[in-house]
Amino acid sequence: MRNRLLALTPNVLEQENLSNHTTLKIGGPCDYLIIPDTVEELINVVSFAKEQGIRLTVLGNGSNVLVDDSGIDGIVLKTTNLKTITVEGNTITAGTGVRLSTLCETALQNGLNGLCELSGVPGTVGGGVYMNAGAYGGEIKDTLTTTRYLSETFEVKTLTNEEHEFSYRKSVFQKHPEWIILESTFTLTPGNREEMKKKTVELLKKRNDAQPLEYPNAGSTFKRPEGYFAGKLIDDCKLRGCQIGGAQVSEKHCGFLVNKGGAASKDVVKLIQHIRNTVEDAFGVTLEAEIRYYKRGEDSVRL
Ligand SMILES: Cc1cc2nc3c(=O)[nH]c(=O)nc-3n(C[C@H](O)[C@H](O)[C@H](O)COP(=O)(O)OP(=O)(O)OC[C@H]3O[C@@H](n4cnc5c(N)ncnc54)[C@H](O)[C@@H]3O)c2cc1C
């Protein structure tokens, strides 16, 4: 199998621990981790997996996932080498593996406005589109015009903004797990570079001050329930600092769970369940997880 994969792409790692590829630093091995250098390699690997009936999981920067300690069976395809980026007039087209920070920096360097709010989100373009990532009042949907993706029939197709069915942390890609985002185009407006830089620096500082970036984490654990803030509900339940094994409700920001060192995936799962039950009992509000959970032999789920 390894040799057959190596004939398709050079970057094949066997039994690679996914804790090296998730921002929570949790996750057991996958059978094969593949990091394609080109879209052609990606398409070859995806068709090979389909032909052979092998499970295929796509990861960007792993900043919105919990991977079980059992790992993931089959092939994990990591997109971070697909980082072509081009600027034409007011538009930027970015490969799925381009970091959102790089996309924002490119916009800034070219005096293009509309992405400053996303500069601190530690994901890729693909992960950002999948999640409709957003922060400080801006979302990826605001400036995205089109996405090219690989369909279940291995055709490269294009979606307009409307066809993404964007809403809060949702996109059409969540309904079609077999679709793979290849690149997205953003249409921006000319802006003042100094003002944009100032705004970006301010927002990054705000993020640094509020978030527990000193510990591995996966960002906000829960979506914002309508009319509430998840972090405030958790705090009001006196769960700040609550710890199960190595997983802890951050003392700095209750909306984040952090890995205090050696956390097992089951610690995170139990802590999420404990938080959800406690908040539901106290306030009658059901918290919906933002992060996705991957486990060997099972389809991914939202916790
Ligand atoms: C410190 C920290 C701060 C954060 N702050 C924010 C924030 O302010 N706002 C926000 O919205 N999020 C935030 N997040 C969460 C996360 O960074 C975003 O959701 C990000 O968009 C995920 O991108 P990723 O590349 O890491 O995706 P991953 O975590 O690798 O994947 C997330 C999902 O996207 C799918 N996916 C990824 N690439 C593709 C592709 N090419 N095709 C199809 N599916 C794909 C995966 O299968 C998976 O289901 C934060 C996370 C951290 C750790």
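Residues numbered from 1 in each chain as written. Predicted model: local features only at pLDDT ≥ 70, side-chain atom pairs only at ≥ 80, totals over all residues. Heavy atoms only, no water.

Chemist: For this particular structure, what's the right way to read the overall build of the protein?
Modeler: Per the secondary structure count, the protein includes 7 helices and 20 strands. Relative to a compact globule of 303 residues, whose C-alpha radius of gyration would be 19 Å, the protein shows 19 Å and is just as compact. Each principal axis of the C-alpha distribution contributes one length, and for the protein these read about 50 × 50 × 30 Å. Within the protein, contacts between residues at least 6 apart in sequence are counted, and of these 63% link residues at least 24 apart. Of the accessible surface of the protein, which amounts to about 13,700 Å², a share of 48% is contributed by carbon and sulfur atoms. (Helix = DSSP H or I, 4+ residues; strand = E, 2+ residues; numbered from the N terminus. Rg over C-alpha atoms; globule rule 2.2 N^0.38 Å. Contact = heavy atoms within 4.5 Å. Areas by Shrake-Rupley, 256 points an atom, 1.4 Å probe, with all protein chains shown as cover.)

Chemist: How do you make sense of helix α2 (residues 39-52) when you look at a structure like this?
Modeler: Given 3.6 residues to a turn, an α-helix orients residues that are three or four positions apart in the same direction. An ideal rise of 1.5 Å per residue puts 20 Å on 14 residues; α2 measures up with 20 Å between its terminal C-alpha atoms. Taken together, the buried positions of α2 are occupied by Glu41, Leu42, Val45, Val46, Phe48 and Ala49. Along the long axis of α2, the arc covered by the buried residues comes to 160 degrees, so they all point the same way. Away from its buried face by more than 90 degrees, α2 exposes Glu40, Lys50 and Glu51. Each element contacted by the buried residues of α2 is listed here: α1 (2-6), β2 (29-34), β3 (56-59), β5 (72-78), β11 (144-150) and β13 (180-187). Just past α2, the residue glycine 53 takes up positive phi, approximately 65 degrees. (Expected span 1.5 Å × (residues − 1). Buried < 20%, exposed > 50% of the residue type's maximum accessible area, 1.4 Å probe, protein only. Arc of directions from axis to C-beta.)

Chemist: Would you explain empty space enclosed by the protein in this entry?
Modeler: Space left empty within the atom packing is revealed by a probe, the size of a water molecule, rolled over the atoms. Inspection of the entire model under this criterion finds 1 cavity of 30 Å³ or more. If you add up the space inside the largest cavity, you get close to 40 Å³. Lining the largest cavity we find Leu24, Ala218, Gly219, Thr221, Leu257, Val268 and Ile291. (1 Å grid on protein atoms, 1.4 Å probe; cavity = no way out; pocket = protein on both sides within 12 Å on 5 of 7 lines; lining within 4 Å. Points joined across faces, edges and corners; volume = space filled by probe spheres on them.)

Chemist: What should I look at first to understand the site of the ligand in this one?
Modeler: Near the ligand, the surroundings consist of 36 residues, among which Val58, Gly60, Ser63, Thr124 and Gly134 are the closest. Threonine 124 places a polar side-chain atom, nitrogen or oxygen, 2.6 Å from an oxygen atom of the ligand. In this structure, a nitrogen atom belonging to the ligand sits 2.7 Å away from a main-chain N or O atom of glycine 134. Protein coverage of the free-state accessible area of the ligand, which is 980 Å², stands at 95%. Taken together, the elements giving at least two residues each to the shell around the ligand come down to β3, α4 (125-131), β9 (134-135), β13, β15 (217-220) and β19 (292-294). Sort the elements by how many residues they give to the shell around the ligand and α4 lands first, with 5 residues. A per-class count over the shell around the ligand returns 15 nonpolar, 17 polar and 4 charged. (Near = heavy atom within 4 Å. Polar contact = N/O pair within 3.5 Å; in protein donor to acceptor, adjacent residues only side chain to side chain. Nonpolar A, V, L, I, M, F, W, Y, C, P; charged D, E, K, R; others polar.)

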